Amino acid sequence: MKPTGIENQNLSDIMENMRKLVGKVVRISVKESKPKTHWEERVGVIEGVYPTVFLFRFKNRRNVDERVAYSYVDVAIDDVKILN
């Protein structure tokens, strides 16, 4: 089942929304590559917003900090959902 989240119209709107979330704890859902129907939910902090990507820091299953960069295109095509 596809999670629902913040809906955005274009990349500049997505970037602006992400800029407002910097430093805040958010919950995201990420479409895993295998199988494509699997969604993984993560809770973490938006660390930074850059021209084409944003950085997300979270604790992985081993309770170790992990950083991942997601592009605004990932959000636009619904491979990454920012959940309410």
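All of the points below concern the structure found in this document. Computed from a prediction, not measured in an experiment: that's the story for all the values here.

Here we take up the sheet that holds strand β1 (residues 25-31). Strands pair in a sheet through their backbones, by hydrogen bonds, and they do so in one of two ways: parallel or antiparallel. The five strands are arranged β4-β3-β2-β1-β5 in an open sheet whose pairing can be described as antiparallel. On the outer flanks of this sheet lie β4 (65-71) and β5 (80-83), each paired with one strand and no other. Direction aside, the axes of adjacent strands within the sheet are offset by 40° on average. Against the sheet, helix α1 (residues 11-21) contacts β1, β2 (39-49), β3 (53-59) and β5, and its axis sits at roughly 80° relative to β2.

In this structure, Met18, Phe54 and Tyr70 are the most contacted members of the largest nonpolar core, which totals 18 residues. Broken down by secondary-structure element, the contributors of at least two residues to this core are α1, β1, β2, β3, β4, α2 (72-76) and β5. The leading source of residues in this core is α1, at four residues. Contact partners of phenylalanine 54, with chain neighbours within four places excluded, come to Met18, Ile46, Gly48, Val49, Val68, Ala69, Tyr70, Ser71, Tyr72, Val75 and Ile82.

Conventions used here
Residues numbered from 1 in each chain as written. Predicted model: local features only at pLDDT ≥ 70, side-chain atom pairs only at ≥ 80, totals over all residues. Heavy atoms only, no water. Pairing = 2+ DSSP bridges. Helix = DSSP H or I, 4+ residues; strand = E, 2+ residues; numbered from the N terminus. Axes fitted to C-alpha atoms, helices over the stretch in contact; angles between N-to-C directions. Contact = heavy atoms within 4.5 Å. Core = buried A, V, L, I, M, F, W, Y, C linked by side-chain atoms within 4.5 Å. Buried < 20%, exposed > 50% of the residue type's maximum accessible area, 1.4 Å probe, protein only.

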